[in-house]
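This is what each chain is made of:
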Amino acid sequence: MVTILDGKAVSEKRLELLKEAIGESGLYPRLATVIVGGDPASQMYVRMKHRACERVGIGSVGIEIPGDATTQKVLETITRLNEDADINGILVQLPLPKQIDTDRIISAVRTEKDVDGFHPTSLGLLMSGKPRFAPCTPKGIMTLLEEYKIPVAGARAVVAGRSIDVGRPMAALLTNADATVTICHSKTRDLPAELKRADILVSAIGKAHFITPEMVKPGAVVIDVGINQLDGKLVGDVDFAAVKDSASAITPVPGGVGPMTIATLMENTFAAAATRMP
Ligand code: NAD
């Protein structure tokens, strides 16, 4: 019998616990979001993050910069937020418009406020096995695995996708948790054979219904990070209906990884406030 890994329910529980912890701490953490341009998907994600802030008692400041802004203009905003003692976390919504140097923007965020975990220092700490802020999507997936008591140590984990926001940090977190990890990508030879060896399969490719039952070992735990549109519906990378009967556990889309990402952002922001340097 397959277990549906209910990220929505787990995130609700985590947000309630966080709300209590924030209330007891006497702190008032604050998150600043920076959005450049009017991309509707980015606007929606930022709105969801602000709603979550409100729910748990984190203050939020939304900064909107016109889509034709220069890198310098965005850097000025980051510098101002870095220096603002009332702001604990800074989130720059990606992707940024093409004319903006994304690497420079990410590197400009003070590492103590890097609640998204994309700064090279944050990623380096993660690689060294001593993460400060791990990127929210993979960290949220680790929380989901923990909540369902899915054993990771010694498991063979295969991550499809090698992006900075999901694939690479996912592989690092699984490695830190003692899994034996393989990273696959667009140049991987015989991807189905690699995937089929996974006890824990994480797909972060971004292709609707790409993962089919032939690629999944019977009894595997399947984590679907993908968010794709198919015939006007939101679907993951995994052909959920076809794969679920051979998996031992699987995340749905929507309602799996997505809510865990937002809950983790809230947890990272509280951690930033709680460990604030004088
Ligand atoms: P990305 O485009 O940066 O990376 C995609 C990766 O997939 C690349 O590393 C590429 O090598 C690999 N890939 C592409 N085609 C492949 C193929 N045919 N075989 C094997 N590998 C292939 O994307 P991303 O930012 O990592 O996001 C991946 C997906 O996850 C997207 O659908 C995105 O919307 C979604 N996402 C969801 C959340 C969430 O909270 N649920 C968060 C971030 C991203």
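Everything numeric here is computed off the predicted structure, so don't read it as measured data.

Draft legend 1. Highlighting the sheet that holds strand E4 (residues 89-92). In spatial order, the strands read E3-E2-E4; together these 3 strands make up an open sheet with parallel pairing. Of all strands in the sheet, those with a lone pairing partner are strand E3 (59-65) and E4, marking the two edges. The sheet shows a mean angle of 20° between the axes of neighbouring strands, direction not considered. Against the sheet, helix H3 (residues 71-83) contacts strand E2 (30-36), E3 and E4, and its axis sits at roughly 160° relative to E3.

Draft legend 2. Just the pairing of strand E8 (residues 221-224), in detail. With burial as the criterion, each face of E8 is covered, one bearing Val-221 and Ile-223 and the other bearing Val-222 and Asp-224. Two strands pair when backbone bridges link them, and E8 and strand E11 (residues 249-250) are joined in this way by 2 bridges, in the parallel orientation. In the sheet register, Val-222 faces E11, and the bridge partner there is Ile-250.

Draft legend 3. How the structure looks around the sheet that holds strand E6 (residues 180-184). If you walk across this open sheet you meet the 6 strands as E1-E11-E8-E7-E5-E6, and the pairing is parallel. Each end of this open sheet is capped by a strand with a single partner; those strands are strand E1 (3-4) and E6. In the packing of helix H7 (residues 167-176) onto the sheet, contacts are made with strand E5 (156-160), E6 and strand E7 (200-203), and the angle to E5 comes to roughly 170°.

Draft legend 4. Quick look at the site of the ligand. Surrounding the ligand, one finds 21 residues, the nearest of these being Arg-162, Ser-163, Asp-165, Lys-207 and Thr-261. Lys-207 is positioned such that a nitrogen or oxygen atom in its side chain is 2.9 Å from a nitrogen atom of the ligand. Measuring from an oxygen atom of the ligand, one finds a backbone N or O atom of Val-225 at 3.4 Å. Considering each element in turn, the shell around the ligand owes the most residues, 3 residues, to helix H10 (residues 257-274).

Rules used throughout
Residues numbered from 1 in each chain as written. Predicted model: local features only at pLDDT ≥ 70, side-chain atom pairs only at ≥ 80, totals over all residues. Heavy atoms only, no water. Pairing = 2+ DSSP bridges. Helix = DSSP H or I, 4+ residues; strand = E, 2+ residues; numbered from the N terminus. Axes fitted to C-alpha atoms, helices over the stretch in contact; angles between N-to-C directions. Contact = heavy atoms within 4.5 Å. Buried < 20%, exposed > 50% of the residue type's maximum accessible area, 1.4 Å probe, protein only. Near = heavy atom within 4 Å. Polar contact = N/O pair within 3.5 Å; in protein donor to acceptor, adjacent residues only side chain to side chain.

Fair warning: the whole summary comes from geometry, so function is off the table for now.
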